[in-house]
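Chain by chain, the residues:
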Amino acid sequence: MYLAKITVTLRKSILDPQGKAVEHAIGTMGLGTISGVRMGKYIELNVDAADEHSAHSIVEEVCKKLLANPIMEDYHFELERVKERQGV
Amino acid sequence: MRRKVKFGIVVFPGSNCDHDAYHVCKHVMQQDAQFLWHKEADLKGSDVVILPGGFSYGDYLRCGAIARFAPVMQEVIRFANEGGTVLGICNGFQILVEAGLLPGVLLRNASLTFVCKFVHLRVENPNTRFTTQARHGEILRIPIAHGEGNYFTDPDTLHRLEYNKQIIFRYCNSEGEATAEANPNGSLANIAGVINEAGNVLGMMPHPERAADPLLRHTDGQKIFKSLIAHYVLDEQPLVAVESERS
């Protein structure tokens, strides 16, 4: 069993107005040292796969077809081997 | 008697403009209308399939992303690929881009706020089955109501859309100028509606069904329904009333 930790973010070429709004708020806190705020989604899921290679290709397919829209989003994930199903 | 056009209105959990679309097709335009439940992979002989506005599946993940995998959508995709007429309004437009039936995506409004108001639309291409009852450059007043209507696509696709005249409506001011001020959501090139290359699938963020019943005083949205009806029945009997209205 593998636990996939997936992050989906807007592509760099796409304006992220949420990120901009948060960055602006951080600026008004007086923390001018922070920039480049990007907002995204975090998704966890369990994959029942024989090995890491097949778990990787399953998660890749789910990301491409459903979790991220490649026109506007990038995704990134990490796989962690777990003994039991995580979460509910 | 002239034959009636059969409109099929898809109902997803969270659709909330389905009854408006049904009312306009059935009672205002006096055509046949039926609801199509998202779990049934059957379009029941519809001539025109409407994907209505709303918040299908609670807009979870991305607007339209979950709806795209509903059983009925597999039929809608097949129907569209065979040349069937599909009209996506608001959330329906979002579903069409997620399903890959139309190019581009609909991002969060640049303002980050939900925008609900009447806008002016300029008809960019009257030579489609959805717009024959409008003139080129005609200005329509139709309301929008969305939080994610900011149309975006890559430069190559935009160029192709322009070249093929696939941009059907642009947001404009009352003079018909597509200015930045008249753009309610940050859409690329003021795009409010696009059609596929084959010309049988139209997606638009504005709600023509909300500007169609004369009781509500705004009827510009009727032009889209009238165009579709003309597309199916004109061969049998010209729409004399509609013609005289234009002159």
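Whatever comes next refers back to the structure up there.
K.L.:
It is not clear to me how the overall build of chain B should be interpreted in this structure. Could you clarify?
P.N.:
Counting its regular elements, chain B contains 6 helices and 11 strands. Here the C-alpha atoms of chain B give a radius of gyration of 17 Å, agreeing with the 18 Å that 2.2 N^0.38 yields for 247 residues. Within chain B, contacts between residues separated by at least 24 positions form 75% of all contacts whose residues are at least 6 apart in sequence.

K.L.:
What is the right way to read the sheet that holds strand β9 (residues 167–172) of chain B from this model?
P.N.:
Strand pairing within a sheet occurs via backbone hydrogen bonds; the two strands may be parallel or antiparallel. All names here are of chain B. Spatial strand order, β2-β1-β3-β4-β11-β10-β9-β6-β7: 9 strands in an open sheet with mixed pairing. Each of the sheet's edge strands pairs with one partner strand only, and the pair in question is β2 (32–37) and β7 (139–146). The sheet shows a mean angle of 25 degrees between the axes of neighbouring strands, taken without regard to direction. Sheet topology places strand β3 (residues 48–51) next to strand β4 (residues 85–89); 4 bridges connect them, and they run parallel. Each residue of the ladder has a partner; that of V48, found in β4, is T85. Along the sheet, helix α2 (residues 71–81) contacts β1 (6–11), β2, β3, β4 and β11 (201–204); its crossing angle with β4, the most-contacted strand, is approximately 125 degrees.

K.L.:
I would appreciate a short explanation of the sheet that holds strand β1 (residues 2–10) of chain A in the present structure.
P.N.:
Residues and elements named next belong to chain A. Read across the sheet, 3 strands follow the order β2-β1-β3 without closing on themselves; strand pairing throughout is antiparallel. Because the sheet does not close on itself, it has two edges, and the strands there are β2 (40–47) and β3 (73–81). Between one strand axis and the next, the sheet turns by 20 degrees as a mean value, whatever way the strands run. Pairing geometry for β1 and β2, over 8 bridges, is antiparallel. Following the sheet pairing, V8 is matched in β2 by K41.

K.L.:
How should I be thinking about helix α1 (residues 17–28) of chain A in this particular structure?
P.N.:
An α-helical segment advances 3.6 residues per turn. Residues three or four places apart therefore align on the same side. Over its 12 residues, α1(A) runs 17 Å from end to end, which matches the ideal 16 Å to within 8%, given 1.5 Å per residue. Among the residues trailing α1(A), G30(A) stands out with phi positive, at a value near 90 degrees.

K.L.:
I tried to follow the interface of chain A and chain B on my own but got confused; where do I start?
P.N.:
One frequently used descriptor of interface size is the decrease in accessible area upon assembly of the parts. Each side of the interface is counted separately: chain A has 8 residues, and chain B has 9 residues. When residues in the side of chain A that touches chain B are grouped by element, the largest group, 3 residues, is from α1(A). Looking at the side of chain A that touches chain B residue by residue, the class counts come to 6 nonpolar, 2 polar and no charged.

K.L.:
Sorry, what's going on with unusual backbone geometry here?
P.N.:
Peptide bonds are, in most cases, trans, and in most cases residues other than glycine have a negative phi. Residue and element names in this part refer to chain B. Even without glycine at this site, L61 takes up a positive phi of about 70 degrees. Within the secondary structure layout, L61 lies in the loop between β3 and α2. For L61, a count of 17 C-beta atoms within 10 Å corresponds to the partly exposed category. If you check the backbone angles, C90 has positive phi at about 55 degrees while not being a glycine. Within the element layout of this structure, C90 appears in the loop between β4 and α3 (91–98).

K.L.:
Would you mind showing me how to read the nonpolar core here?
P.N.:
Where a protein is soluble and globular, its nonpolar side chains tend to be buried together. In terms of nonpolar packing, the biggest core is built from 75 residues, with I9(B), V10(B), I50(B), L96(B) and L121(B) touching the most fellow members. Per-element accounting of this core gives the leading share, 5 residues, to β9(B). Contacts of L121(B), omitting those with residues within four sequence positions, involve I139(B), L140(B), I142(B), F169(B), R170(B), Y171(B), C172(B), A192(B) and P206(B). Counting residues in hydrophobic clusters, the runner-up holds 10 residues, among them A4(A), C63(A), L67(A) and A68(A).

K.L.:
Where do I start with the pairing of β1(B) in this structure?
P.N.:
Every regular strand shows the same layout, with side chains that alternate between the two sheet faces. All names here are of chain B. In terms of residue burial, β1 counts as a mostly covered element, since 5 of its 6 residues are buried. In this sheet, β2 lies alongside β1 in parallel orientation, the contact comprising 6 bridges. Counterpart to F7 in the pairing with β2 is A33. What joins β1 to β2 is helix α1 (residues 18–28), and the crossover it makes is right-handed. Of the pairings in the sheet, the one linking β1 to β3 comprises 3 bridges and is parallel in character. Each bridged residue has a counterpart across the sheet, and for I9 the counterpart in β3 is I50.

K.L.:
Mind showing me how you'd approach the environment of L79(A) here?
P.N.:
Residues and elements named next belong to chain A. Relative to the assigned elements, L79 resides in strand β3. L79 sits 27 residues away from E52 along the chain, and the two C-alpha atoms are 7.6 Å apart. Apart from residues lying up to four places away in sequence, L79 is in contact with Y2, A4, E52, A55 and H56.

K.L.:
Honestly, helix α5 (residues 222–233) of chain B in this entry has me stumped. Any pointers?
P.N.:
In a regular helix each residue adds 1.5 Å, so 12 residues correspond to 16 Å; α5(B) covers 16 Å between its end C-alpha atoms and thus fits that length. Taken together, the buried positions of α5(B) are Q222(B), K223(B), I224(B), F225(B), K226(B), S227(B), L228(B) and I229(B).

K.L.:
Help me understand the environment of K39(B) in this model?
P.N.:
Residue and element names in this part refer to chain B. Relative to the assigned elements, K39 resides in the loop between β2 and β3. For K39, a count of 11 C-beta atoms within 10 Å corresponds to the exposed category. Spatially, the C-alpha atoms of K39 and P13 are 10.0 Å apart, while their sequence positions differ by 26 residues.

Rules used in this analysis
Residues numbered from 1 in each chain as written. Chains lettered and ligands numbered in written order. Predicted model: local features only at pLDDT ≥ 70, side-chain atom pairs only at ≥ 80, totals over all residues. Helix = DSSP H or I, 4+ residues; strand = E, 2+ residues; numbered from the N terminus. Rg over C-alpha atoms; globule rule 2.2 N^0.38 Å. Contact = placed C-beta atoms within 7 Å. Pairing = 2+ DSSP bridges. Axes fitted to C-alpha atoms, helices over the stretch in contact; angles between N-to-C directions. Expected span 1.5 Å × (residues − 1). Nonpolar A, V, L, I, M, F, W, Y, C, P; charged D, E, K, R; others polar. Buried ≥ 20, exposed ≤ 12 C-beta atoms within 10 Å, placed from the backbone. Core = buried A, V, L, I, M, F, W, Y, C linked by C-beta atoms within 7 Å. Right-handed = clockwise from strand over helix to strand, strands pointing away.

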